[in-house]
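So the chains spell out like this:
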Amino acid sequence: MDMTIQLGVNIDHIATLRQARGESYPDTLEAARTLLALGADYIVIHVRHDRRHMQETDLKRLCDAFASKIHLEMAPSDDMIDLALKHKPGSVCLVPEYPNELTTSGGLKIEEKDKADLKQKINILKKAGIRVSLFVDPKANAVRTAYNLGADIVELCTKDYSKAKTEKQAQALLSELSLCSLLGRELNLEVHSGHGLNYNNVRDVALIDAMQCLNIGFSIIARSVFVGLPQALLEMRNLINRE
Ligand code: PXP
């Protein structure tokens, strides 16, 4: 097993807090700087169509400072592709987005009729030097689709796993995540996972052999309210450490 696993920290909710009062703080750039200095591998942000938390200015400032470390989650719409091409984060993750959802509701549902368009968009991003991830449910056919469309990365959705009601359900979902990770690795895709991972449920996902990166947001930002961002990051790092 590769002993290193990467951690992308989603800082959307730093911006949520700022937007709640319409202030200029807490500053997303300061959060990113703090996290990267303490060993976060990537800073993840989701710029939503409704701009409920992250704004274009956040994306700009973050990309100006740390482009290669910025992982932008976004809907695969034309305006968002333009935004990515304008600010050039190191990577983007294409996610489904629906109005009024509390958070991303699951992986992309890629229908046959949408494939050519998606493939073209992935190609445009890649040609601009942006690595492309597809957020999918942990199903073998979805991983194969990500590969066939030319993605560099597949991010397996851990939402169902994080909501599992019984240990048996959790174990079954972990097996799916594990099989899909192996398939992703065989197809030479970089394998990520995320959504709903927290201090109680992350360890088993981190121990999946082919898993290369975990993208975690809400639980780290929530914990930081009590212990501060550096300590919240350190605790998560210790939990996902395989050594
Ligand atoms: N990965 C993706 C694709 C997401 O959409 C999200 C939520 O923005 C996350 C990871 C992080 O999820 P959470 O905030 O529940 O850790």
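Residues numbered from 1 in each chain as written. Predicted model: local features only at pLDDT ≥ 70, side-chain atom pairs only at ≥ 80, totals over all residues. Heavy atoms only, no water.

Visitor: Explanation requested: the packing of helix H3 (residues 56-66) against helix H4 (residues 78-87) in the structure shown.
Guide: When two helices pack together, their arrangement is captured by the angle between the axes and the distance separating the axes. It is at 10 Å that the axes of H3 and H4 come closest, and there the two elements cross at 30°. Here H3 is positioned roughly parallel relative to H4, judged by the angle of their axes. In the packing of H3 onto H4, the handedness of the crossing is right-handed. The residues of H4 that touch H3, namely those facing Glu-56, Leu-59, Lys-60 and Cys-63, are Leu-83, Lys-86 and His-87. Of the residues contributing to the contact of H3 with H4, the split by class is three nonpolar, one polar and three charged. (Axes fitted to C-alpha atoms, helices over the stretch in contact; angles between N-to-C directions. Helix = DSSP H or I, 4+ residues; strand = E, 2+ residues; numbered from the N terminus. Parallel < 35°, antiparallel > 145°, perpendicular 65-115°, else oblique. Left-handed = near helix turned anticlockwise from the far one by under 90°. Contact = heavy atoms within 4.5 Å. Nonpolar A, V, L, I, M, F, W, Y, C, P; charged D, E, K, R; others polar.)

Visitor: Teacher, can you tell me more about the site of the ligand here?
Guide: In the neighbourhood of the ligand, 14 residues make up the surrounding shell, with Thr-104, Glu-155, Gly-196, Gly-217 and Phe-218 lying closest. Between Asn-10 and the ligand, the recorded distance is 3.4 Å, taken from a side-chain N or O atom to an oxygen atom. Within the backbone of Gly-217, one N or O atom sits 2.8 Å away from an oxygen atom of the ligand. Computed on the free molecule, the ligand has an accessible area of 400 Å², of which 93% lies beneath the protein chains in the complex. Because more than half of its atoms lie within 2 Å of the grid, the ligand is assigned to the largest pocket. Here the residues of the shell around the ligand are counted per class, giving four nonpolar, eight polar and two charged. (Near = heavy atom within 4 Å. Polar contact = N/O pair within 3.5 Å; in protein donor to acceptor, adjacent residues only side chain to side chain. Areas by Shrake-Rupley, 256 points an atom, 1.4 Å probe, with all protein chains shown as cover. 1 Å grid on protein atoms, 1.4 Å probe; cavity = no way out; pocket = protein on both sides within 12 Å on 5 of 7 lines; lining within 4 Å. Sits in = over half its atoms within 2 Å of the grid points.)

Visitor: Please explain helix H5 (residues 115-127) as it appears in this structure.
Guide: Because an α-helix completes one turn every 3.6 residues, residues spaced three or four positions apart along the sequence face the same direction. Here H5 contains 13 residues, and its C-alpha end-to-end distance of 18 Å stays within 8% of the 18 Å for a straight helix at 1.5 Å per residue. Restricting attention to buried positions, one finds in H5 the residues Leu-118, Lys-121, Ile-122 and Leu-125. Each buried residue of H5 sits inside an arc of 100° when the element is viewed along its axis, so together they form one side. The exposed residues of H5 that point more than 90 degrees off its buried face are Ala-116 and Lys-127. Tucked into the core, H5 has its buried residues touching strand S3 (70-74), H4, strand S4 (91-94) and strand S5 (131-136). (Expected span 1.5 Å × (residues − 1). Buried < 20%, exposed > 50% of the residue type's maximum accessible area, 1.4 Å probe, protein only. Arc of directions from axis to C-beta.)

Visitor: Help me understand the sheet that holds strand S2 (residues 42-46) in this model?
Guide: The pairing of strands in a sheet happens through backbone hydrogen bonds and is either parallel or antiparallel. The strand order S1-S2-S3-S4-S5-S6-S7-S8 describes a closed barrel built from eight strands, whose pairing is parallel. Averaged over all neighbouring strand pairs, the angle between strand axes comes to 25°, with direction disregarded. In terms of strand pairing, strand S7 (residues 190-194) meets strand S8 (residues 213-216) through three bridges, oriented parallel. By the bridge assignment, Gly-194 is partnered in S8 with Asn-215. The strands that H3 touches are S2 and S3; relative to S3, the one it contacts most, it runs at about 150°. (Pairing = 2+ DSSP bridges.)

Visitor: Teacher, can you tell me more about the layout of surface pockets here?
Guide: In this approach the atoms are scanned with a rolling probe the size of a water molecule, which exposes any empty space left behind. Of the pockets and cavities examined, the largest pocket occupies roughly 710 Å³. As for the largest pocket, its lining consists of 27 residues, of which His-13, Thr-103, His-195, Gly-196 and Phe-218 are closest to the centre. Elements with a minimum of two residues in the lining of the largest pocket: helix H1 (12-21), helix H7 (159-162), S8 and helix H10 (218-227). Considering only residue class, the lining of the largest pocket consists of six nonpolar, 14 polar and seven charged. By volume, the second largest pocket is sized at about 250 Å³. (Points joined across faces, edges and corners; volume = space filled by probe spheres on them.)

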